[in-house]
Amino acid sequence: MSDARPPLPPFDEAAARQKVLAAEAAWNTRDPYRVSLAYTEDSEWRNRDEFLRGRDEIVAFLTRKWERELDYVLRKDLWTFGDDRIAVRFQYEWHDADGAWFRSYGNELWEFAADGRMRRREASINDVAIAESERRIFGPRADGDTTSPPLR
């Protein structure tokens, strides 16, 4: 497994938390190709009302996403885990081309292949308009920071 993406399943709590923080860090790069490498070649996604399959579709989706969701910054938190599955809650902030700010809240269900790459991702997300003065996530998580913003 030279292309393995540790930690590998089966997950214990420490490994699940490590996987969540690694995903958060990768998504905060806003690099679609880099993010796509954490998924199997035939990974299946449901993201809101879109259904994707494979890395090419993931890269295209993420490219569109980050062209629209400017200054995107994300926090993910472990909700629960099983042998090859992890559930997270997340929130992220972004603004559109007109300068309107949003906070997006959601839940994701992840299923992993034996090599540690995600083979299935299901995301449910809601957007809330916020004033720029209401922002509370200003950049990637600092090393050692395990806190997350409140839900509201």
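Described below are features of the structure shown in this document. (Residues numbered from 1 in each chain as written. Predicted model: local features only at pLDDT ≥ 70, side-chain atom pairs only at ≥ 80, totals over all residues. Heavy atoms only, no water.)

### Description of the packing of aromatic side chains
Think of a pair of aromatic rings as described by two things: how far the centres are apart, and how the planes are tilted against each other in angle. Across all of its chains, the model carries 10 aromatic pairs by this definition. Between Trp 27 and Trp 45, the aromatic rings sit 6.0 Å apart at their centres with planes inclined by 20 degrees, giving stacked as the arrangement. Of the two residues, Trp 27 sits in helix α1 (residues 13–28) while Trp 45 sits in strand β1 (residues 39–47), which places them 18 residues apart along the sequence. Centroid distance Trp 66 to Tyr 72: 5.5 Å. Interplanar angle 65 degrees. Geometry classified as edge-to-face. No difference in accessibility class separates Trp 66 from Tyr 72, as the two residues are buried. (Phe/Tyr/Trp six-rings, centres within 6.5 Å; stacked < 30°, edge-to-face > 60°. Helix = DSSP H or I, 4+ residues; strand = E, 2+ residues; numbered from the N terminus. Buried < 20%, exposed > 50% of the residue type's maximum accessible area, 1.4 Å probe, protein only.)

### Section: the side chain of Arg 141
Counting through the fold element by element, Arg 141 comes out in the segment after β6 (118–130). Look at Arg 141 and you get buried, because its relative accessible area is 13%. Reaching out from Arg 141, the side chain makes a polar contact with the side chain of Glu 24 at a distance of 2.7 Å. A distance of 3.4 Å separates a polar side-chain atom of Arg 141 from the backbone oxygen of Asp 145. If we ignore the near neighbours within four places in the chain, the residues touching Arg 141 are Leu 21, Glu 24, Arg 75, Lys 76, Asp 77, Thr 146, Thr 147 and Ser 148. (Polar contact = N/O pair within 3.5 Å; in protein donor to acceptor, adjacent residues only side chain to side chain. Contact = heavy atoms within 4.5 Å.)

### Quick look at the sheet that holds strand β4 (residues 85–95)
Strand order in the open sheet made by the 6 strands is β2-β1-β6-β5-β4-β3, with mixed pairing throughout. Each edge of the sheet is formed by a strand with only one pairing partner; in this case those strands are β2 (50–53) and β3 (70–81). Averaged over all pairs of adjacent strands, the angle between their axes in this sheet comes to 20 degrees, without regard to strand direction. The sheet contact formed by β4 and strand β5 (residues 101–112) spans 11 bridges and is antiparallel. Note on β5: the bridge partner recorded for Val 88 is Glu 108. Sheet strands touched by α1: β1, β3, β4, β5 and β6. Its angle to β3, the strand with the most contacts, is close to 170 degrees. Sheet contacts for helix α3 (residues 55–68): β1, β2, β3 and β4; angle to β1, the most-contacted strand, approximately 50 degrees. (Pairing = 2+ DSSP bridges. Axes fitted to C-alpha atoms, helices over the stretch in contact; angles between N-to-C directions.)

### What about the nonpolar core?
Trp 27, Trp 45, Leu 62, Ile 86 and Trp 110 are the most contacted members of the largest nonpolar core, which has 29 residues in total. For this core, the secondary structure elements donating two or more residues are α1, β1, α3, β3, β4, β5 and β6. With 6 residues, α1 is the single largest residue contributor to this core. The residues contacting Leu 62, other than those within four sequence positions of it, are Trp 27, Pro 32, Val 35 and Trp 45. (Core = buried A, V, L, I, M, F, W, Y, C linked by side-chain atoms within 4.5 Å.)

### Structural notes on the pairing of β1
Where β1 lies against β6, 5 bridges are found, and the strand directions are parallel. From the neighbouring strand, Glu 44 faces β6, where its bridge partner is Arg 120. Of the strand pairs in this sheet, β1 and β2 are connected by 4 bridges, and their pairing is antiparallel. When the sheet's bridge partners are listed, Arg 46 is paired in β2 with Phe 51. Joining the antiparallel neighbours β1 and β2 is a turn of 2 residues, in which Arg 48 adopts a positive phi near 55 degrees.

### Concerning the environment of Asp 31
Of note, Asp 31 is situated in the loop between α1 and α2 (32–36). Of the residues examined, Asp 31 reaches a relative accessible area of 33% and is grouped as partly exposed. In the structure, Asp 31 is positioned 16 residues away from Ala 15 in sequence and 24 Å away in space, judged by C-alpha atoms. A distance of 3.1 Å separates a polar side-chain atom of Asp 31 from the backbone nitrogen of Tyr 33.

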